[in-house]
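Take a look at the letters that make up each chain.
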Amino acid sequence: MAETNTLEDLKTVMAGGGAAAADGTPAAAAEDVVLREPKIDELGRSYATGKRKNSIARVWIKPGSGKITINGRDQEVYFARPVLRLIIRQPFEVADRVDQYDVIATVKGGGLSGQAGAVKHGISKALNLYEPALRAPLKAAGFLTRDSRVVERKKYGKAKARKSFQFSKR
């Protein structure tokens, strides 16, 4: 590695100077971005596991009309609240793939809010495996990161995790 002693040397290093391709473009710009190989099974599906709070969702996606099935039931039946259905649709809206994939999910554990978050996480990961080019928008939206927030445990001598019993001076 060449030494950088002056500000001009630093500018050339930061601009990708030093090694250049034959056509004069910097070496870093000459390389193409390498995308991962799509992971698609013999049935044309991608599988991923999503997690949120105490919920775990197993999600399969395949090209289709946009039908979402959760635990054998339609999404409108399983997630009756519109907010939960909106949460599930978010990865498709960010990736600009609304109504292009069918989703089959099995989810267990936790409540409905955690289950919706787990399905969203699973859909995002499965979309990333099916179309690796979608990684950038999904990652920028924060959908590929597992939300690690969980309920704090109850401590002894306390009413709940942090709430104390009423203090009596006398």
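Cut-offs and rules
- Residues numbered from 1 in each chain as written.
- Predicted model: local features only at pLDDT ≥ 70, side-chain atom pairs only at ≥ 80, totals over all residues.
- Heavy atoms only, no water.
- Helix = DSSP H or I, 4+ residues; strand = E, 2+ residues; numbered from the N terminus.
- Expected span 1.5 Å × (residues − 1).
- Buried < 20%, exposed > 50% of the residue type's maximum accessible area, 1.4 Å probe, protein only.
- Core = buried A, V, L, I, M, F, W, Y, C linked by side-chain atoms within 4.5 Å.
- Contact = heavy atoms within 4.5 Å.
- 1 Å grid on protein atoms, 1.4 Å probe; cavity = no way out; pocket = protein on both sides within 12 Å on 5 of 7 lines; lining within 4 Å.
- Points joined across faces, edges and corners; volume = space filled by probe spheres on them.
- Nonpolar A, V, L, I, M, F, W, Y, C, P; charged D, E, K, R; others polar.
- Phe/Tyr/Trp six-rings, centres within 6.5 Å; stacked < 30°, edge-to-face > 60°.
- Pairing = 2+ DSSP bridges.
- Axes fitted to C-alpha atoms, helices over the stretch in contact; angles between N-to-C directions.

Draft legend 1. Here's a closer look at helix H5 (residues 112–130). For H5, spanning 19 residues, the distance from its first C-alpha to its last is 26 Å, which sits close to the expected 27 Å at 1.5 Å a residue. The buried fraction of H5 is high, at 15 of 19 residues.

Draft legend 2. Representation of the nonpolar core within the structure. Judged by nonpolar contacts, the single largest core of 27 residues is most densely connected at Ile 61, Ile 70, Ile 123 and Leu 127. A total of seven residues in this core trace back to one element, the largest contributor, which is H5. Residues within four places of Leu 127 in sequence aside, it is in contact with Ile 61, Pro 91, Phe 92, Ala 95, Tyr 101, Leu 134 and Leu 138.

Draft legend 3. Inspection of the side chain of His 121 at higher detail. Topologically, His 121 is positioned in helix H5. Relative accessible area serves as the criterion here: at 7%, His 121 is assigned to the buried category.

Draft legend 4. Looking closely at the layout of surface pockets. Taken as a whole, the largest pocket encloses approximately 220 Å³ of empty space. Every residue along the wall of the largest pocket is listed here: Lys 51, Arg 52, Ile 87, Ser 113, Gly 117, Lys 120, His 121, Gly 142, Phe 143, Thr 145, Arg 146 and Asp 147. Top element by residues in the lining of the largest pocket is H5. It accounts for four residues. Along the lines of polarity and charge, the residues of the lining of the largest pocket split into two nonpolar, five polar and five charged.

Draft legend 5. The packing of aromatic side chains, seen in detail. The final tally for this structure, using the stated rule, is four aromatic pairs. Judged by centre distance (5.0 Å) and plane angle (90 degrees), the rings of Tyr 78 and Phe 79 are edge-to-face. Each member of the pair, Tyr 78 as well as Phe 79, carries the same accessibility label: buried. Each residue in the set Phe 92, Tyr 101 and Tyr 130 is aromatic and connected to the rest through ring pairs, giving one cluster.

Draft legend 6. Structural view of the sheet that holds strand S2 (residues 55–63). Pairing is mixed across the open sheet formed by five strands, whose spatial order is S1-S2-S5-S3-S4. Single-partner strands in this sheet number two, and they are strand S1 (46–52) and strand S4 (73–74). The strands touched by H5 are S1, S2 and strand S5 (101–108); relative to S1, the strand with the most contacts, the crossing angle is about 145 degrees.

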